[in-house]
Amino acid sequence: MGKTYERIDGRLRAFIEAQPLFFTASAPLAGDGHVNVSPKGRSGTLVVLDELTLAYLDFGGSTAETVAHLRENGRITLMWCAFTGPPTVVRVHGRGEAVFRDDPRFAGLLARFPADADGAGLRCVVLVHAQRVSDSCGFAVPFMDYREDRSLHADFFDRKTDPEFAEYCAGKPYNVTSVDGLPALPLPLPPRP
């Protein structure tokens, strides 16, 4: 049932943009390193820039595994599941990079997102260049109803000034390095442009 595509066409783009949740997967090069899978779900924080490029906003948290893996090797997979409608799973395998707040491209990339998607606690924009785009049946994915976004994450970081957010990042050991000891966030965290 699965099919590969040359690009993220209109139908795939519409599917991706309609999903309230996606997952990222990354891993270090070391064979005994930890594979990381992360859910991402804040509304408006993922955009399809063109037929082979996506970007998402990476906000603060207790770890920075994806950022560390991207800095080491650039490998990333994004995945969306249909929890309503026809059973579909879409994956984009690609090369990614973390565009940090002091990168000259940061402001231009940030402008591609809805204004209300930006918020306190933004560490970087993750840029993903698709190398393989595919879908599969999703027959085993359950039906689930989306009610609303949780506001806890945004509320927590909205209470912090940018210097307090930088201090928060520096105080979390797996923000500085990954669980496998790879460099993650560059510290001190660059200020917002």
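Our structure is the block above this text.
On a predicted model such as this, the values are computed, not experimentally measured, just so you know.

Asks: An account of the overall build of the protein chain is requested, with residue identities and associated values reported.
Replies: Assigned secondary structure in the protein chain consists of six helices and eight strands. Mapped from its N terminus to its C terminus, the protein chain presents α and β elements in the order β-α-β-β-β-β-α-β-β-α-β-α-α-α. Taking 16 Å as the expected radius of gyration for a compact globule of 193 residues, we find that the protein chain reaches 17 Å, a close match to that expectation. Sorting the 193 residues of the protein chain into buried and exposed places 45% on the buried side. In the protein chain, the proportion of contacts linking residues at least 24 apart, taken out of those at least 6 apart, comes to 72%. Only carbon and sulfur atoms are counted for the fraction: they give 55% of the accessible area of the protein chain, which is about 10,100 Å². Seen as two clouds, the 21 positive and the 24 negative side-chain charges of the protein chain have centres 3 Å apart.

Asks: Provide a residue-level description of the packing of aromatic side chains, including the pertinent values.
Replies: Taken as a whole and assessed by the stated rule, the structure comprises seven aromatic pairs. Look at Phe156 and Phe157: their rings are 4.9 Å apart centre to centre, the planes differ by 80 degrees, and that puts the pair in the edge-to-face class. For the pair Phe165 and Tyr168, a centre-to-centre distance of 6.5 Å together with 15 degrees between the ring planes defines the contact as stacked. Highlighted residues: Phe165 and Tyr168, both in helix 5 (residues 162–171), separated by three residues, approximately one helical turn. For Phe165, a relative accessible area of 2% translates into the label buried. We classify Tyr168 as buried; its relative accessible area is 16%. An aromatic cluster is present here, built from Phe156, Phe157, Phe165 and Tyr168 joined pairwise through their rings.

Asks: Break down the pairing of strand 2 (residues 22–26) for me, with residues and values.
Replies: It is a general feature of regular strands that their side chains alternate between the two faces of the sheet. The alternating pattern of strand 2 places Phe22, Thr24 and Ser26 on a buried face, while none of Phe23 and Ala25, on the opposite face, is buried. The sheet contact formed by strand 2 and strand 6 (residues 75–81) spans three bridges and is antiparallel. Along strand 6, the bridge assignment pairs Phe23 with Met79.

Asks: Could you give me a rundown of helix 2 (residues 65–72), with the residues and numbers involved?
Replies: Burial analysis of helix 2 places six of its eight residues in the buried class, which makes it a mostly covered element. Those residues of helix 2 not exposed but buried are Glu65, Thr66, Val67, Ala68, His69 and Leu70. Following helix 2 by one or two positions, Gly74 has its phi on the positive side, about 75 degrees.

Asks: Please give an account of the side chain of Asn175 that cites residues and values.
Replies: Within the secondary structure, Asn175 sits in helix 6 (residues 173–176). Relative accessible area serves as the criterion here: at 0%, Asn175 is assigned to the buried category. A polar contact is formed between the side chain of Asn175 and the side chain of Arg123, at a distance of 2.6 Å. Ignoring sequence-local partners within four residues, the contact set of Asn175 consists of Gly61, Ser62, Thr63, Ala64, Arg123, Cys169, Ala184 and Leu185.

The rules behind these values
Residues numbered from 1 in each chain as written. Predicted model: local features only at pLDDT ≥ 70, side-chain atom pairs only at ≥ 80, totals over all residues. Heavy atoms only, no water. Helix = DSSP H or I, 4+ residues; strand = E, 2+ residues; numbered from the N terminus. Rg over C-alpha atoms; globule rule 2.2 N^0.38 Å. Buried < 20%, exposed > 50% of the residue type's maximum accessible area, 1.4 Å probe, protein only. Contact = heavy atoms within 4.5 Å. Areas by Shrake-Rupley, 256 points an atom, 1.4 Å probe, with all protein chains shown as cover. Lys, Arg positive; Asp, Glu negative; His and termini not counted. Charge placed at Lys NZ, Arg CZ, Asp CG, Glu CD. Phe/Tyr/Trp six-rings, centres within 6.5 Å; stacked < 30°, edge-to-face > 60°. Pairing = 2+ DSSP bridges. Polar contact = N/O pair within 3.5 Å; in protein donor to acceptor, adjacent residues only side chain to side chain.

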